[in-house]
Amino acid sequence: MSDLSEKSLDALQAGVKKLHRTAEGATSSTRSRKCHSKALKTSADVLSLLGDPGRFHYMQFFALCLQFTSLAMSDLIPIFYNLSPQSVVCRDDDPDNDHSTWPEHDAGMGSNASQLIMEKFVFRNDTSLPNYCRCREGTLTYIYRDNRTTSLISEMNLVCEKAPLASLATTLYYVGSALAGPFMGLLSDRHGRRPVLLLCCLALSIVNIATIFVTNYILYVLLQCLSGITRVGIYSTTFILLMEWTPTLRRTVVAAASEFFFPAGVMALAVCAYYLHQWRHIQIALAASNSVFILNIWFAQESVVWLLANGKTCAANETIHKIAKFNGKPLNSEDLESVDSFAVAEAEALTESQSGIFDCLRDPEIRRITLLISVVW
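Residues numbered from 1 in each chain as written. Predicted model: local features only at pLDDT ≥ 70, side-chain atom pairs only at ≥ 80, totals over all residues. Heavy atoms only, no water.

### Some details on the overall build of the protein chain
(1) Moving on: Regarding its fold elements, the protein chain presents 17 helices and four strands.
(2) Moving on: Out of the 377 residues belonging to the protein chain, those deemed buried represent 38%.
(3) Moving on: In the protein chain, of all internal contacts separated by at least 6 residues, the share reaching a separation of at least 24 is 74%.
(4) Moving on: Working note: accessible area of the protein chain is about 21,600 Å², and carbon and sulfur atoms make up 63% of it. (Helix = DSSP H or I, 4+ residues; strand = E, 2+ residues; numbered from the N terminus. Buried < 20%, exposed > 50% of the residue type's maximum accessible area, 1.4 Å probe, protein only. Contact = heavy atoms within 4.5 Å. Areas by Shrake-Rupley, 256 points an atom, 1.4 Å probe, with all protein chains shown as cover.)

### Digging into the confidence of the model for the protein chain
(1) Moving on: Of the residues in the protein chain, 70% reach a pLDDT of 70 or more, and the chain-wide mean stands at 75.
(2) Moving on: Low confidence marks residues 26-39, where pLDDT is under 50. Its contacts with residues over four positions away, or in another chain, come to seven contacts. (pLDDT = per-residue confidence, 0-100.)

### A closer look at the pattern of salt bridges
Side chains that differ in sign of charge can pair as their charged atoms come close.
(1) Moving on: On inspection of all chains with the given rule, the structure shows five salt bridges.
(2) Moving on: The salt bridge involving Arg193 is made with Asp189; its shortest N-O contact spans 2.9 Å.
(3) Moving on: Note on Arg193: relative accessible area 6%, which makes it buried.
(4) Moving on: Take Asp189: its relative accessible area is 42%, and that puts it in the partly exposed class.
(5) Moving on: A single salt-bridge network, built from bridges that share partners, covers Asp189, Arg193 and Glu244. (Salt bridge = Lys/Arg side-chain N within 4 Å of Asp/Glu carboxyl O.)

### Looking at the nonpolar core
(1) Moving on: Counting residues in hydrophobic clusters, the biggest one holds 45 residues, and the most contacted among them are Phe68, Trp245 and Leu308.
(2) Moving on: Sorting elements by how many residues they give to this core places helix 3 (residues 55-76) first, with eight residues.
(3) Moving on: One finds Val88, Val159, Ala169 and Tyr217 within the second-largest nonpolar core, a separate group that totals 27 residues. (Core = buried A, V, L, I, M, F, W, Y, C linked by side-chain atoms within 4.5 Å.)

### A few points about empty space enclosed by the protein
(1) Moving on: Across all of its chains, the model carries two cavities of 30 Å³ or more by this definition.
(2) Moving on: Looking at the largest cavity, its volume works out to about 70 Å³.
(3) Moving on: Around the largest cavity, the lining residues are Gln67, Ser70, Leu71, Cys201, Leu204, Ser205, Ile234, Ser289, Asn290, Val292 and Phe293.
(4) Moving on: Put simply, the parts of the chain that give the lining of the largest cavity at least two residues each are helix 3 and helix 7 (193-212).
(5) Moving on: Each residue belonging to the lining of the largest cavity can be placed in one class, and the counts come to six nonpolar, five polar and no charged.
(6) Moving on: As a volume, the second largest cavity reaches approximately 30 Å³. (1 Å grid on protein atoms, 1.4 Å probe; cavity = no way out; pocket = protein on both sides within 12 Å on 5 of 7 lines; lining within 4 Å. Points joined across faces, edges and corners; volume = space filled by probe spheres on them. Nonpolar A, V, L, I, M, F, W, Y, C, P; charged D, E, K, R; others polar.)

### Observations concerning the environment of Ala255
(1) Moving on: For Ala255, the position within the fold is in helix 9 (residues 251-258).
(2) Moving on: With residues near it in sequence (within four places) discarded, Ala255 still touches Phe239 and Met243.

### Digging into the packing of helix 6 (residues 168-191) against helix 8 (residues 217-244)
(1) Moving on: Where helix 6 meets helix 8, the closest approach of the two axes is 7 Å, and the angle between their N-to-C directions is 40 degrees. Our pair here, helix 6 against helix 8, has a crossing hand that is right-handed.
(2) Moving on: Of the residues that constitute the contact of helix 6 with helix 8, the class distribution is 13 nonpolar, 10 polar and one charged. (Axes fitted to C-alpha atoms, helices over the stretch in contact; angles between N-to-C directions. Left-handed = near helix turned anticlockwise from the far one by under 90°.)

### A look at the environment of Met184
(1) Moving on: Position of Met184 among the secondary structure elements: in helix 6.
(2) Moving on: For Met184, a relative accessible area of 10% corresponds to the buried category.
(3) Moving on: Between the C-alpha atoms of Met184 and Ser236, which are 52 residues apart in sequence, the distance is 7.6 Å.
(4) Moving on: For Met184, the residues in contact, after removing those within four places along its chain, are Val196, Cys200, Ile229, Val232, Gly233 and Ser236.

Next comes the structure, spelled out in C-alpha cells:
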C-alpha cells in the first residue's frame, strides 16, 4: 500500500509540474504576443505580419512591373513611327513619258538613294527645299527598304514644310509627362494609389486603341500628349505601390529589380517592329500590351500605408486580413487590435504634423535628396 501511495504521489507531482509548464508556456506566449503587438511602431512592422515576403508580394511585383514593359514601348515607339524612307519619288501619271529622260536628284532624307522627278510636275521654284518638294501635291511616293513598310511620314506626308511636325508628337509626349508628374502625386496622396493607377491604365488603353484608327496628325499629336500624361501616372503610382507594399530592408532590391522590365519592353518592341512593318500594326501590339492592367484590378490592392495614414482603419484591416489569408498567415484578434492602435497613432501624428510640399525644402538633408532626385529625373 505504501509503495502504491508513493507512486500515486509521484504521478500527482508530475502532473502538477506539467500543468505549471503548460501555464508558463501560455503566459510566455501571451507575453510574446503582447510584445509583438507593441512592436508595431512603423509601417514595416505592419507589413511583417503579412509575410516577408509572401506569395502575394511576388505575384503583385510581376503584375505591376509588367506595365513597365508597355511604358518602355510607348517611350521608344516614335523611332518606328517616324521612320524616314530611303527615297521619295514623284508618281508617273503619264504613260507617254520617257523614264530614261528623268533627271536624278538627291533624296534629301539622309540616305544615298536617289529620286526621280518629272519636270512637268514642278509647280513652284523654291530651290531651298529638296527637289521632291517641288512636285505636285499627291504625286509623292515613299520608298522603303521593305515595300510593306509604312510610317507616319509616308502616310501623312510629313516632309518638306511639314518635316518638323514629325518630332512634335514626341516632344508633346514628354511635355505631358513633365506637366502631369506633380499632379499625379497629389492625386494619389488625396484619393489613393489604386484609383489613380486604374484610371490612368484605362485611359492609356483607350488612347492607344484610338491611335490605331487616327488619320489626322493634329489628333495624333493630342493623343500622344494624353499618352504622356497617363504614362507618368501609371509609373509613379505603380512604383509607390511597390515601395509601400515592400518592407524597408527589401525596397532597394525591389526597386532595382523593377527596372529590368524596361529593357524587356525595348526588346519586345524591337521584335514587334521586325515582324510588323506597318506602324498601325505596331500600335495594335502596343495596345494589346496594355491589357496587362486587368491584373491590377486584384493585385493593385490599395496601399496599407496610405490607408493607415489617412485613418481608414476598416479598409486597412480588411486588406491586411485578405492578404494575410492569401499568404497563409491568418491574423488573430490581437494582431488586428495592434493594427488599430497603430492606425490611431498614425492618424494623430498626421493631424499634428500638418506637413506640406514645402517641408521638402526646409530640412537640409531632405532638401538635398529632393534636389538630387529632381535633377536625376
